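Structural characterization, general
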Amino acid sequence: MPLVLGKTEGYLIQKTKKGTIIAGLIDPEDFSSKQAASVASNAEKHGISAILVGGSTISDQGKLDSVVRAVKKAVRCPVILFPGNVTGVSHHADAILFSSLLNSTNPYFLIGAQAIGSMKVFRSKLESIPMGYLVFGDSSTTSFIGQVKSIPLSKPNIAVIYALAAQYLGMRTLYLEAGSGSAVPIPRETIALVRKFYDGLLIVGGGITTSTVAERAAGAGADIIVIGNLLEKPGYEKTITEMTSAIGRN
Ligand code: 1GP
């Protein structure tokens, strides 16, 4: 089958050609469908370019479906699944970041869950965006659930060799994850060094809550900055506006 990039991946590539974009992450465990729709719509109005829906501990797929459906109705930008497990697949989304947690010690998170979930992705006709997922630090839920051998924040060279391996394996997207709510985001030096070697879409997330941190990540070469926790805090609209202006998107 010839490789034809899907509509959502094409959109992300086009958008990021002009500079860094921001994606908002909604964990269906933390929002009602109504809240999720309202937050997603507000976030889009203030400059967000895509909505990710996912989390490490999703168990209720009915809830995931209703959140994705509600968000999809509320926004014009793509709604993309960011699954932590086989429970993170919904046919209402536009696409899925079909990921392998590259620094997990458990083969289940490397390829097992992907095999089990693949038929649902196929039947759902979801656009699949292949992604390598790298988790830093060891105090996040992602790190615990994913049985990660975490990359030390002070060792960017380790991130680089994983990034290159992801590239050589054909992963067109790479996510550098500091962990949701992390006090320490991915360091600028790490993003910059990975950027030197990795040619695909570079996503960075975890602990990005201010325009200063967003600007730093964008300046270092992140294509997509993900904000999750921030969307649960009052005043997130203002911060998104500050971020988009700091990264030169408005
Ligand atoms: C988590 O990288 C994302 O998977 C977003 O992190 O919730 O800290 O913004 P925050």
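This write-up is about the structure you can find in this document. All values reported here derive from a predicted model rather than from experimental measurement.

1. Some thoughts on the sheet that holds strand β2 (residues 50–53)
Backbone hydrogen bonds hold the strands of a sheet together, and the pairing may be parallel or antiparallel. Overall, parallel pairing links the eight strands, which are arranged β1-β2-β3-β4-β5-β6-β7-β8 in a closed barrel. Pairwise comparison of adjacent strand axes, ignoring direction, gives a mean angle of 30 degrees for this sheet. The pairing of strand β7 (residues 201–205) with strand β8 (residues 224–227) spans three bridges and is classified as parallel. Along β8, the bridge assignment pairs Val 204 with Ile 225.

2. A look at the site of the ligand
Lining the immediate surroundings of the ligand are 13 residues, of which Tyr 175, Glu 177, Ser 180, Gly 181 and Gly 207 lie closest. Between the ligand and the protein, one listed contact pairs an oxygen atom with a side-chain N or O atom of Tyr 175 at 2.8 Å. Notes on the ligand: free accessible area 300 Å², of which the protein chains cover 96%. Residues belonging to the shell around the ligand are distributed by class as follows: four nonpolar, eight polar and one charged.

3. Thoughts on the pairing of strand β5 (residues 127–135)
Counting buried residues in β5 gives seven out of nine residues, a clear majority hidden from the surface. As defined by bridge partners, strand β4 (residues 95–101) adjoins β5 across seven bridges and the pair is classed as parallel. Bridging across to β5, Leu 101 finds its partner in Tyr 133. The β-α-β motif built from β4, the intervening helix α4 (residues 107–123) and the parallel element β5 has right-handed crossover chirality.

About the criteria used
- Residues numbered from 1 in each chain as written.
- Predicted model: local features only at pLDDT ≥ 70, side-chain atom pairs only at ≥ 80, totals over all residues.
- Heavy atoms only, no water.
- Pairing = 2+ DSSP bridges.
- Helix = DSSP H or I, 4+ residues; strand = E, 2+ residues; numbered from the N terminus.
- Axes fitted to C-alpha atoms, helices over the stretch in contact; angles between N-to-C directions.
- Near = heavy atom within 4 Å.
- Polar contact = N/O pair within 3.5 Å; in protein donor to acceptor, adjacent residues only side chain to side chain.
- Areas by Shrake-Rupley, 256 points an atom, 1.4 Å probe, with all protein chains shown as cover.
- Nonpolar A, V, L, I, M, F, W, Y, C, P; charged D, E, K, R; others polar.
- Buried < 20%, exposed > 50% of the residue type's maximum accessible area, 1.4 Å probe, protein only.
- Right-handed = clockwise from strand over helix to strand, strands pointing away.

In short, geometric facts, not functional conclusions.
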